[in-house]
Amino acid sequence: DQQVKQNSPSLSVQEGRISILNCDYTNSMFDYFLWYKKYPAEGPTFLISISSIKDKNEDGRFTVFLNKSAKHLSLHIVPSQPGDSAVYFCAASLPLNYGGSQGNLIFGKGTKLSVKP
Amino acid sequence: EAGVAQSPRYKIIEKRQSVAFWCNPISGHATLYWYQQILGQGPKLLIQFQNNGVVDDSQLPKDRFSAERLKGVDSTLKIQPAKLEDSAVYLCASRPGTGRLGTQYFGPGTRLLVL
């Protein structure tokens, strides 16, 4: 049973436009969320995170929005650039010691973003 | 600062054979993780070390997988014997400190193909 879901396997966007990547989760006890970016043949790299006490976090072109009531978060990239083409993973973490949790990350399946020039 | 190093980058073996992967984390990072990423899936945690102690190995198939982290630095992950379903990318990640939060830095991974 997947606790973190990225229902869109792929997304194609024109350069300069907004990219919106979505992520849904099932466990309301998740309290920390992250986005990772992965290029082919490389490991994932951290992009941005958000705590459940916030509903928005911004870092340059990247903004993450959290809607706790809907158990949904999204990553906005504005403006999109060809170098943003990669697979984006959403990840979530439970509080330490909740249900035996060690606070480790649970990843979604990823969304492949293609930004066309 | 050097990143997380992993070797080999690629490995092809036949089922029932053994294989070992090596990881050298970023210097000074106390926490080390091994993940398995099957094609089309996200990374799945296999084991977490803090220094040289195991914190979480609840998802490690212990009948065939083993891991160790000697002296709290390098780590090895072994599969013996391998099955077809073990074909995946094995990612090592490290993080400074032992708290829950903090960025995990991933290595490039070892791509394993079991025939």
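Residues numbered from 1 in each chain as written. Chains lettered and ligands numbered in written order. Predicted model: local features only at pLDDT ≥ 70, side-chain atom pairs only at ≥ 80, totals over all residues. Heavy atoms only, no water.

**Re the interface of chain B and chain A**
Tallying the contact residues gives 20 residues for chain B and 21 residues for chain A. For the pairing of chain B and chain A, the buried interface totals around 1,600 Å² over both sides, and the portion due to carbon and sulfur atoms is 54%. At the boundary of chain B with chain A, the tally comes to zero salt bridges. Here chain B is connected to chain A by five residue pairs in polar contact (both at pLDDT 80 or more). Among the secondary structure elements, those contributing two or more residues to the side of chain B that touches chain A are strand 4 (31-37), strand 5 (44-50) and strand 6 (53-56) of chain B. Looking at side-chain class alone, the side of chain B that touches chain A contains nine nonpolar, eight polar and three charged residues. (Contact = heavy atoms within 4.5 Å. Buried area = accessible area lost by both parts, 1.4 Å probe. Salt bridge = Lys/Arg side-chain N within 4 Å of Asp/Glu carboxyl O. Polar contact = N/O pair within 3.5 Å; in protein donor to acceptor, adjacent residues only side chain to side chain. Helix = DSSP H or I, 4+ residues; strand = E, 2+ residues; numbered from the N terminus. Nonpolar A, V, L, I, M, F, W, Y, C, P; charged D, E, K, R; others polar.)

**Quick word on the state of the cysteines**
Residues and elements named next belong to chain A. Throughout the structure, instances matching the rule amount to two disulfides over all chains. The residue that forms a disulfide with Cys23 is Cys90, at a sulfur-sulfur distance of 2.1 Å. Between Cys23 and Cys90 the disulfide shows an S-S torsion of about -75°. By sign, it is left-handed. Residue Cys23 is found in strand 3 (residues 19-25), and its partner Cys90 is found in strand 9 (residues 86-93); the two are separated by 67 residues along the sequence. Residue classification places Cys90 among the buried residues on the basis of a relative accessible area of 0%. (Disulfide = S-S within 2.5 Å. Buried < 20%, exposed > 50% of the residue type's maximum accessible area, 1.4 Å probe, protein only.)

**Details of the side chain of Thr63 of chain A**
Residue and element names in this part refer to chain A. Within the secondary structure, Thr63 is located in strand 7 (residues 62-67). Classification of Thr63 by relative accessible area gives buried; the value is 10%. Residues in contact with Thr63, not counting those within four places in the same chain, are Ile48, Lys56, Asn57, Glu58, Ser74, Leu75 and His76.

**What to know about the sheet that holds strand 7 (residues 65-69) of chain B**
As a general point, the strands of a sheet are linked pairwise by backbone hydrogen bonds and lie either parallel or antiparallel. All names here are of chain B. Strand order in the open sheet formed by four strands is 1-3-8-7, with antiparallel pairing between adjacent strands. At either margin of the open sheet sits one strand with a lone partner, and together these are strand 1 (5-7) and strand 7. Here the average twist between neighbouring strands, direction ignored, is 15°. Examined bridge by bridge, strand 3 (residues 19-24) and strand 8 (residues 75-79) share five bridges and lie antiparallel to one another. The partner of Ala20 across the bridge, within strand 8, is Lys78. (Pairing = 2+ DSSP bridges. Axes fitted to C-alpha atoms, helices over the stretch in contact; angles between N-to-C directions.)

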